[in-house]
Amino acid sequence: MAMSDERIIDSGDPGVPKERHLRDRALKGTFWFLSGTAARALLRLATMAILARLLVPEEFGLVAAAGVFVAFADLFATSGIAHSVVQYQALERRHVRAAFTGNMTMAFATSAAMWLLAGSFADFFRMPELEPVLQVLAFLYPIHGIGGISRRLLARNLSYGKLAAIEVASYFFGYALVALPLAFAGWGAWALVYAIMGSAIVRNLLSFAVRPHTLRPSLHKTSYRELMRNGFGFSLARWAGFVAQKGDYVIVGRWLGQAPLGLYERAYVLMDLSNSLLTNALNTVLFPTFSRMQDDRALLAAAFERISAVLGLIFLPAGVIASLLAPELIALLLGPGWDAAIDPFRVLALGMLFRTGFKISGVLANGVGAPYHNAFYLTIYGIVVVVGALVAVRFGITGVAVSTLFALAIAYAMLTNHSLAVTGMSWRQLLLTYVPAFKLTLLLGGLAAALAWPMRAAGWPPLPILVAEAVMVGTLLLLLIRFAPGLFGAHGRWIFSTILGVFRRGRGSKAQAG
């Protein structure tokens, strides 16, 4: 009989209730993964600021166009089977072998197809220099195949500290050790291309080294059928997600050109930086956690409500403040020559909560085994993105940003409505959890606006404005936490006490070790 891979997963103390065990493991995992995410975010901000001063929008636009086709080809290279490794409850070694075999087969096939079709993709975007870039990036897929199953096994086993360390190490290698030296040496867009390759090599080799598995191929039909029950749904969701996430890039690149695409892509990436890093971390943590909670509706509802409230407290005020301070943020993080990205960023920043909210709802849908619902809603979202961008492209990249913001709101409403149906919550309950976030946004956003206008009128440079804003807004936030904790609601107080508890336990462990 095949040995189950479940044996490597700590099932916890039999005397501890399932709810407490899952909550504690998810909390610990979230803390460690978010610690790694914070380190990666700071590293990414630093490299972004430097690279934006060494490269021009056209070069970022070229790599952004390549990214569209890399993501498109990845839909074929990474099948839904890989996601089923996390979600499928009765996982055995035969399933791991089947998933690895299927992934590597598709990876090599996709790599060959992308090499052959690179010229056609370049012709579509009317960027002849795109062809050699795509031919180099075609080698990404076998590299991803090496460590892809290992990362999902680590996620399944809730090994978030290891995943966080791998992500930070791979990003540091790719962008600090590869991209920056090459950019300084004048390699242009190729600095970014080799950074992508270097980061992928380190990430996947480390993943396999940390969580090795058998490399023996398998054509066991039953294993494939069992994994593909939901695997096909995951694949559909990824297809729909591709259209939604890259549709606006295609329209901007095809109809407006390479430089506008570079400007739009940097504005979107800057808006989505903390958002995507946090939601990717939560995705890694919550997908396996939701999968284990899928039979406990009350536990799912409590988890979804708490996550929504905490993310609201973060991203609603963050989006408004980022929009208000768009000129200063663009000047500091991208430098001169990027002023045309200010207005798109100002618009897109207002959609931070929408983007976070619909991604978490998508994770919930996948976690409870409803990927087809997720795929359906993402398909509608993708259609709205593409149609909206086609209509708005006549108004430039700011018009496309407005249409994308509208599409984000639609996606949030649809996917959140599905999450409420799954958990048994109502819209009224959800909106009540956001009340503290609205109050906090009014206070912090109001102060940020009141400070920005006179400083701009007085001719202050961007950096002093941002420093003054950070000091004043941060001081107000600390005062509210100290003297008005009730403003943050029950879920806000919970996150404060949780963070404090983690640090206290850490100090206690150090004291005992000493």
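Whatever comes next refers back to the structure up there.
Residues numbered from 1 in each chain as written. Predicted model: local features only at pLDDT ≥ 70, side-chain atom pairs only at ≥ 80, totals over all residues. Heavy atoms only, no water.

Trainee: Can you help me understand a nonpolar patch on the surface in this one?
Mentor: A contiguous nonpolar patch, built from L332, L463, V467, V471 and M472 and spanning about 410 Å² of accessible area, is present on the exposed surface. The leading source of residues in the nonpolar patch is helix α18 (residues 462-483), at 4 residues. Relative to the elements of secondary structure, L332 occurs in helix α12 (residues 326-333). (Patch = residues over 30% accessible without salt bridge, like charges linked within 9 Å, V, L, I, M, F, W, Y side chains within 5 Å. Areas by Shrake-Rupley, 256 points an atom, 1.4 Å probe, with all protein chains shown as cover. Salt bridge = Lys/Arg side-chain N within 4 Å of Asp/Glu carboxyl O. Helix = DSSP H or I, 4+ residues; strand = E, 2+ residues; numbered from the N terminus.)

Trainee: Would you take a moment to explain the pattern of salt bridges for this structure?
Mentor: When charged atoms on two side chains of opposite charge get close, those side chains can pair. Applying the stated criterion across every chain, the model contains 6 salt bridges. The partner of R266 in a salt bridge is E265, with the nearest N and O atoms 2.8 Å apart. What makes E265 buried here is its relative accessible area of 10%. For the salt bridge of D272 with R355, the shortest nitrogen-to-oxygen distance reads 2.6 Å. With D272 in helix α10 (residues 258-293) and R355 in helix α14 (residues 352-367), this pair connects stretches of sequence that are 83 residues apart. (Buried < 20%, exposed > 50% of the residue type's maximum accessible area, 1.4 Å probe, protein only.)

Trainee: Teacher, can you tell me more about helix α13 (residues 342-349) here?
Mentor: Owing to its 3.6 residues per turn, the α-helix aligns residues three or four sequence positions apart on the same side. Here α13 lies mainly inside the structure; 6 of its 8 residues are buried. Inspection of α13 places I342, P344, F345, V347, L348 and A349 among the buried residues, and these make up the whole buried set.

Trainee: Is there a simple way to think about the nonpolar core in this case?
Mentor: Within the largest apolar cluster, 130 residues are counted, with the highest numbers of intra-cluster contacts made by L51, L130, L137, Y264, F290, F345 and Y381. Aside from chain neighbours lying at most four places away, what touches L51 is F60, Y175, A179, L180, A183 and L192. Of all hydrophobic cores here, the second largest spans 9 residues; its members include V85, V96, F100 and I149. (Core = buried A, V, L, I, M, F, W, Y, C linked by side-chain atoms within 4.5 Å. Contact = heavy atoms within 4.5 Å.)

Trainee: Can you help me understand the packing of aromatic side chains in this one?
Mentor: How two aromatic rings sit relative to each other is set out by the distance from centre to centre and by the angle between their planes. As enumerated under the stated definition, the model contains 21 aromatic pairs in all. The interplanar angle of 75° and the centroid separation of 5.4 Å between the aromatic rings of F69 and F125 together place this pair among those described as edge-to-face. You can see F69 sitting in helix α2 (residues 57-77) and its partner F125 sitting in helix α4 (residues 93-125), a full 56 residues away along the chain. Residue F125 is classed as buried on the basis of its relative accessible area of 2%. Taking the centre distance of 5.1 Å and the plane angle of 85° together, the rings of F76 and W239 count as edge-to-face. Highlighted residues: F76 in helix α2 and W239 in helix α9 (residues 221-255), separated in sequence by 163 residues. The class for W239 is partly exposed, based on a relative accessible area of 33%. Put simply, the rings of F69, F121, F124 and F125 touch in pairs and so form one group of aromatic residues. Taking the ring centre of F124 as reference, the NZ or CZ of R254 above it sits at 5.5 Å. (Phe/Tyr/Trp six-rings, centres within 6.5 Å; stacked < 30°, edge-to-face > 60°. Lys NZ or Arg CZ within 6 Å of the ring centre and 35° of its normal.)

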